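Overview (structure and organization)
Take a look at the letters that make up each chain.
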Amino acid sequence: MSSDKAGTGNGKPPMRDALVTAAFRLFLERGYEQTTVDDIVALAGVGRRSFFRYFPSKEDVVFPDHERCLADMTAFLAAGTGDEEPVRRVCDAARLVLRMYAENPTFSVQRYRLTKKVPGLRAYELSVVWRYERALADYLRRRFAARRDGTLQADVIAAAVVAAHNNALRSWLRSDGQGEASATMDHALAYVQSAFGDAPAPVAPEQPEDVVVVVSRRGAPLWRIVQEIESTLGRD
């Protein structure tokens, strides 16, 4: 039986990683529903107590990194000085979640495929997403406390950030984690920033003046020329 010591130079407990690796190997071979906690600990070479020391349930082993990511995102938001543009700050916070997924594309894609197949995991994932959204909304509520409809604005913007993030993330996962996820994410979050951020509205470029050329018979009366011009402008 392996030791339960959690001590490596990079700070990640090897036992925790071993349990996640064993779990996903069995999920892929047998299916999620057919795999039990006993199966996982047997493959990892540890006891049940070791599993529940790290994961409260079998569902949690599918999402082993979200607690850390949520804590990091909450700390990032709290570390702001208050001078940052609020919408840009929550967009940057959402990028931390993308970074978590991009750290291990293979694992992220496997989890995405597994979650799509298991309704219970999908429901669990939605509860995790809701916690991210609440963290963003809580930050915005504090920043918008003096605004009229500040709470409404905070909740709407937080939901928009999560929707944009998830749209970009799923697009990347559907491509099997190929390419740079950050480019797609930047595009999606820029849409939220432009819709809700405090950046000055772009100045519309000046439109060139219309030039109308009318060919008329020499000596034609002025009213006829005016009629031709009005007719031409009407056709445009």
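Here, every reference points to the structure presented above.
What comes next is a walk through the structure. Within each chain, residue numbers correspond to sequence positions counted from 1 in written order. For a predicted model such as this one, the threshold for reporting local features is a pLDDT of at least 70, and the threshold for listing and counting side-chain atom pairs is 80 or more; totals across whole chains, interfaces and linings nevertheless cover every residue. In computing side-chain values, all of the structure's heavy atoms are included and hydrogens and water are not.

1. Concerning the overall build of the chain
Secondary structure summary: the chain contains 11 helices and 0 strands in total. Put simply, DSSP marks the helices as runs of H or I at least four residues long and the strands as runs of E at least two long, and each gets a number from the N terminus on. For the chain, the N- to C-terminal ordering of α and β elements is α-α-α-α-α-α-α-α-α-α-α. Relative accessible area decides the class of each residue, using a 1.4 Å probe on protein chains only: under 20% of the type maximum gives buried, over 50% gives exposed, and in between gives partly exposed. When each of the 236 residues of the chain is scored for burial, the buried share is 38%. If you take every contact in the chain between residues at least 6 apart in sequence, the share linking residues at least 24 apart comes to 65%. Residue exposure ignores everything except the shown protein chains as possible cover, and the areas themselves are Shrake-Rupley values with a 1.4 Å probe. Total accessible area on the chain stands at roughly 14600 Å², and carbon and sulfur atoms take up 53% of it. A contact between two residues is defined here by any heavy atoms of the two lying within 4.5 Å.

2. Digging into helix α2 (residues 37-44)
Looking at α2, one finds that the buried residues are Val37, Ile40, Val41 and Ala44. Along α2, the residues classed as buried sweep out an arc of 90° about the axis, all on the same side. Phi turns positive one or two residues past the end of α2, at Gly45, with a value near 80°. Each direction from the helix axis to a C-beta atom contributes to the arc, which is the arc of those directions.

3. Quick look at the nonpolar core
Among buried residues, the Ala, Val, Leu, Ile, Met, Phe, Trp, Tyr and Cys ones that are joined through side-chain atoms within 4.5 Å form a nonpolar core. In terms of nonpolar packing, the biggest core is built from 41 residues, with Met73, Tyr132, Leu136, Leu140 and Val161 touching the most fellow members. Of all the secondary structure elements, the ones that give two or more residues to this core are α5 (66-78), α6 (86-103), α7 (105-117), α8 (119-143), α9 (150-174) and α10 (181-196). The element best represented in this core is α9, accounting for 11 residues. Not counting chain neighbours up to four residues away, the residues in contact with Val161 comprise Val90, Cys91, Ala94, Leu136, Leu189 and Val192. Residues Val20, Phe24, Phe27 and Val41 belong to the second largest nonpolar core, which totals 23 residues.

4. A look at the side chain of Asp65
When you line up the elements, Asp65 lands in the loop between α4 (58-62) and α5. Here Arg111 takes part through its side chain, which lies 3.0 Å from a polar atom of the side chain of Asp65. If we skip the residues at most four places from it in the chain, Asp65 touches Arg16, Met100, Phe107 and Arg111. We call two N or O atoms a polar contact when they sit within 3.5 Å, provided that within protein one can donate a hydrogen and the other can accept it, with sequence-adjacent residues counted only if both atoms are side-chain atoms.

5. Observations regarding the packing of aromatic side chains
One pair of aromatic rings is described through two measures. These are the centre distance and the angle between the planes. Pairing of aromatic rings covers Phe, Tyr and the six-membered ring of Trp, with a centre-to-centre limit of 6.5 Å; geometry is then stacked below 30 degrees between planes, edge-to-face above 60, and tilted otherwise. As enumerated under the stated definition, the model contains 7 aromatic pairs in all. Through successive ring pairs, a cluster of aromatic residues spans Phe24, Phe27, Tyr32 and Phe107. Only Lys NZ and Arg CZ are tested; either one counts as a charge over a ring when it is within 6 Å of the ring centre and within 35 degrees of the ring normal. The side chain of Lys58 reaches across the aromatic face of Tyr32, ending 4.1 Å from its centre. Residue placement shows Arg147 over the ring face of Phe144; its charged tip is 3.8 Å from the ring centre.

6. Section: unusual backbone geometry
One non-glycine residue, Asp149, lies in positive phi territory at about 60°. Mapped onto the secondary structure, Asp149 falls in the loop between α8 and α9. The exposure class assigned to Asp149 is partly exposed, which follows from its relative accessible area of 47%. Residues other than glycine seldom take positive phi values, yet Asp176 does so here, at roughly 65°.

7. Things to note about the layout of surface pockets
Throughout, the protein atoms alone are placed on a 1 Å grid, and a set of points is a cavity if a 1.4 Å probe fits but cannot get out or a pocket if it is open with protein on both sides within 12 Å along at least five of seven lines; lining residues have an atom within 4 Å of a point. Grid points are joined across faces, edges and corners, and a volume is the space filled by probe spheres set on the points. When its volume is computed, the second largest pocket comes out at roughly 340 Å³. Lining the second largest pocket we find 25 residues, and of these Tyr101, Glu125, Val129, Asn166 and Leu169 sit closest to its centre. Going through the elements one at a time, α5, α6, α7, α8 and α9 are the ones with two or more residues in the lining of the second largest pocket.

8. Brief notes about the pattern of salt bridges
For this analysis, a salt bridge means a side-chain nitrogen from Lys or Arg found within 4 Å of a carboxyl oxygen belonging to Asp or Glu. Counted by the stated rule, this structure contains 14 salt bridges. One salt bridge in this structure joins Asp38 and Arg48, with 2.7 Å as the shortest N-O distance. Here the residue Asp38 occupies a position in helix α2, and Arg48 occupies one in helix α3 (residues 48-54), the gap between them amounting to 10 residues. Arg48 sits in the partly exposed class, given a relative accessible area of 42%. By sharing partners, the salt bridges in this structure join Arg68, Asp72 and Glu103 into a single network.

9. What about the packing of α7 against α8?
Angles run from 0 to 180 degrees between N-to-C directions of axes, and those axes are lines fitted to C-alpha atoms, restricted for helices to the stretch in contact. The contact between α7 and α8 brings their axes to 5 Å, and the two run at 115°. Overall, the two elements α7 and α8 adopt an arrangement that is roughly perpendicular. Each of Leu114, Thr115 and Lys117 in α7 lies in contact with α8, whose residues at this interface are Pro119, Leu121, Arg122 and Glu125. By the definition adopted for this analysis, an angle is roughly parallel if under 35 degrees, roughly antiparallel if over 145, roughly perpendicular if from 65 to 115, and oblique otherwise.

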